Amino acid sequence: MSGNDRDEEKEITGIESDSEIGGTVEANAESGSAAEDLHLRLKQLEQRLEDKNKEYNDLHDRYLRMAADFDNYKKRVSKEKADIIAYGNEELIKALLNVLDNLERALEHSESAEQDGPIVEGVKLVYKHFLSCLERFGVQPVEANKGQEFDPRYHQAIERVETKDLTPGIILSEMLKGYTLKDRLLRPALVVVSKEHRETTTEGASPDKPEEKKKSDGSPGELLDITDEDLDDNI
């Protein structure tokens, strides 16, 4: 049978020869294997993309944290630098306050002794000049006048005295001046503060409370172990 005859027979019957069927099967098998390879490759690319996205997110988070840390570091360094400039002389000024206290005591003693003369006038000038120099560096005295309300931010009570004339928590006298350096407290003012007056009678007086009887007689109040907790509890 010639080739033309086989073609005619194929067209008539629609049946391929055994060799052609085998080729078709092999082609389909190769096509299926390529699809599997392509699918596997696609899966690998998707996994790599997911890994890269995760790595990118981790790096981005690290970058944001480092940027925030660096920004905080710059702010902290800037504040420390400003504090050094503003308060670099704090310890020196604290030491000089003791000299200022001694000058004030000398002047008070001269006034109480009614002394006057060139030496006293010279000490007064030195005292004023000293205060002027400290003010140029931002040092200011704390106000602690009699009758002023006690402020635990600037005052420290060293004694509490019962009184009928004033409400509790009022400054009765200043024992030692306090000072601030710009917006920072260098030393609180040591003051005597009023406390609530408690009426006591001889019959009602308890032997367990001799201190209350003593205060009702107008004697000086108790000296305090100075703590902020005491002030909060008692004033």
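Scroll up to find the structure.
Residues numbered from 1 in each chain as written. Predicted model: local features only at pLDDT ≥ 70, side-chain atom pairs only at ≥ 80, totals over all residues. Heavy atoms only, no water.

Caption draft 1: Layout of the overall build of the protein chain. Looking only at helices and strands, one finds six helices and seven strands in the protein chain. Tracing the protein chain from N to C terminus, the helices and strands come up as α-α-α-α-β-β-β-β-β-β-α-β-α. For the protein chain, with 235 residues in total, the buried portion stands at 22%. Put simply, of all contacts in the protein chain between residues at least 6 apart along the chain, 67% involve residues at least 24 apart. (Helix = DSSP H or I, 4+ residues; strand = E, 2+ residues; numbered from the N terminus. Buried < 20%, exposed > 50% of the residue type's maximum accessible area, 1.4 Å probe, protein only. Contact = heavy atoms within 4.5 Å.)

Caption draft 2: Up close: helix H3 (residues 90-112). When the terminal C-alpha atoms of H3 are compared, their 33 Å separation across 23 residues agrees well with the 33 Å that a helix rising 1.5 Å per residue should span. Turning to H3, its buried residues are Glu90, Ile93, Leu97, Leu100, Asp101, Leu103, Glu104, Leu107 and Ser110. With its phi angle positive at about 50°, Glu114 sits one or two positions after the end of H3. (Expected span 1.5 Å × (residues − 1).)

Caption draft 3: Examining the pattern of salt bridges more closely. Applying the stated criterion across every chain, the model contains 10 salt bridges. Across the pair Arg184 and Glu90 runs a salt bridge, and its minimum N-O distance is 2.9 Å. Remark: Glu90 occurs in helix H3 and Arg184 occurs in strand S5 (residues 184-187); sequence separation between them is 94 residues. Overall, the relative accessible area of 32% leaves Arg184 in the partly exposed class. Notably, a salt bridge pairs Lys124 with Glu121, separated by 3.9 Å at the nearest N-O pair. Placement of both Lys124 and Glu121 in helix H4 (residues 118-136) is noted, with a separation of three residues, approximately one turn of the helix. Overall, Lys124 belongs to the partly exposed group, its relative accessible area being 28%. For Glu121, a relative accessible area of 37% corresponds to the partly exposed category. The network of salt bridges with common partners includes Glu90, Glu91, Lys94 and Arg184. (Salt bridge = Lys/Arg side-chain N within 4 Å of Asp/Glu carboxyl O.)

Caption draft 4: Structural view of the packing of aromatic side chains. This structure, assessed with the given rule, holds one aromatic pair. Between Phe70 and Tyr73, the aromatic rings sit 6.4 Å apart at their centres with planes inclined by 25°, giving stacked as the arrangement. Here the residue Phe70 and the residue Tyr73 both occupy positions in helix H2 (residues 18-87), the gap between them amounting to three residues, near one helical turn. Residue classification places Phe70 among the partly exposed residues on the basis of a relative accessible area of 48%. Looking at Arg184, its charged tip hangs above the ring of Tyr87, at a distance of 3.8 Å from the centre. (Phe/Tyr/Trp six-rings, centres within 6.5 Å; stacked < 30°, edge-to-face > 60°. Lys NZ or Arg CZ within 6 Å of the ring centre and 35° of its normal.)

Caption draft 5: Seen up close, the sheet that holds S5. With antiparallel pairing, three strands are arranged side by side in an open sheet as S1-S4-S5. Each edge of the open sheet carries a strand with a single partner, namely strand S1 (139-141) and S5. Direction aside, the axes of adjacent strands within the sheet are offset by 35° on average. Running over the sheet, H3 touches S1, strand S4 (179-181) and S5 and is turned about 45° from S5. (Pairing = 2+ DSSP bridges. Axes fitted to C-alpha atoms, helices over the stretch in contact; angles between N-to-C directions.)

Caption draft 6: Main features of the packing of H3 against H4. One way to put it is that H3 packs onto H4 with a least axis distance of 10 Å and a crossing angle of 150°. What the angle tells us is that H3 and H4 run roughly antiparallel. Like other packed secondary-structure pairs, H3 and H4 cross with a definite hand, here left-handed. Note on element contacts: H4 touches H3 through Val120, Val123, Lys124, Val126, Tyr127, Phe130, Leu131 and Leu134, opposite Ile93, Leu96, Leu97, Val99, Leu100, Leu103, Glu104, Leu107 and Ser110. Among the residues making up the contact of H3 with H4, the classes are represented as 14 nonpolar, one polar and two charged. (Parallel < 35°, antiparallel > 145°, perpendicular 65-115°, else oblique. Left-handed = near helix turned anticlockwise from the far one by under 90°. Nonpolar A, V, L, I, M, F, W, Y, C, P; charged D, E, K, R; others polar.)

Caption draft 7: Geometry of H4. Here H4 spans 27 Å end to end across 19 residues, near enough to the 27 Å set by a 1.5 Å rise per residue. Among the residues making up H4, those that are buried are Val120, Tyr127, Phe130 and Leu134. Considered in projection along H4, the buried side chains sweep an arc of 80° and stay on one side of the axis. Opposite its buried face, H4 presents the exposed residues Pro118, Leu125, Lys128, His129 and Arg136, each directed more than 90 degrees away. The inward-facing, buried residues of H4 abut H3 and S1. Immediately downstream of H4, the backbone of Gly138 shows phi near 95°, a positive value. (Arc of directions from axis to C-beta.)

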